[in-house]
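Summary of structural features
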Amino acid sequence: MDNDKRKLVKLVTLGDSINAHMLVGALATEGIPALIHNENMSTLFSGLSVMGVDVFVYEDDLEAAKAVMNRQNDQEEDI
């Protein structure tokens, strides 16, 4: 088991698990580990917009993760 003591921080809350997994994949491509939280709750309550899917990254990766997220958003807008 890894004894990593770095702090996890929330990067973003997304509306569904599909977008969360797409973001986590983009982060992984850049070597940034990420964790999805509340995925099951958002699936269970998919008809309600009050539940979101949280994506967490290590605090020291936060700025790089924001840059990846912004690039991904820019690419989606171009489509």
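Above this text is the structure in question.
Note that the structure is a prediction, hence the values are computed from the model and not measured.

About the thresholds
- Along each chain, numbering runs from 1 in the same order as the chain's sequence is written.
- Where local features are concerned, this predicted model is filtered to residues with pLDDT of at least 70; where side-chain atom pairs are given and counted, the filter is 80 or more; whole-chain, interface and lining totals use all residues.
- Working from all heavy atoms in the structure, the side-chain values ignore hydrogens and water.
- Whether two strands pair comes down to DSSP finding at least two bridges between them.
- Secondary structure counts use DSSP, requiring at least four H or I residues in a row for a helix and at least two E residues in a row for a strand, with both numbered from the N terminus.
- Between N-to-C directions, angles span 0 to 180 degrees; the directions come from axes that are lines fitted to C-alpha atoms, helices contributing only their stretch in contact.
- By the convention used here, residues are in contact when the closest approach between their heavy atoms is within 4.5 Å.
- Polar contact is the term for a pair of N or O atoms within 3.5 Å; when the atoms are in protein, one must be able to donate a hydrogen and the other to accept it, and sequence-neighboring residues count only if both atoms are side-chain atoms.

It is worth spelling out the sheet that holds strand β2 (residues 34-37) at this point. Two strands in a sheet stick together by hydrogen bonds in their backbones, pointing the same way (parallel) or opposite ways (antiparallel). The strand order β1-β3-β2 describes an open sheet built from 3 strands, whose pairing is antiparallel. Edge positions in the sheet fall to β1 (8-14) and β2, since each of these pairs with one other strand and no more. For this sheet the average axis-to-axis angle between neighbouring strands, irrespective of direction, equals 30°. Examined bridge by bridge, β1 and strand β3 (residues 53-58) share 6 bridges and lie antiparallel to one another. Each bridged residue has a counterpart across the sheet, and for K10 the counterpart in β3 is F56.

A separate point is the environment of H37. By secondary structure assignment, the location of H37 is in strand β2. Taking the C-alpha atoms as reference, H37 lies 5.9 Å from V53; in sequence the two are 16 residues apart. Excluding residues within four positions of it along the chain, H37 makes contact with G52, V53, D54 and F56. Here N38 takes part through its side chain, which lies 3.3 Å from a polar atom of the side chain of H37.

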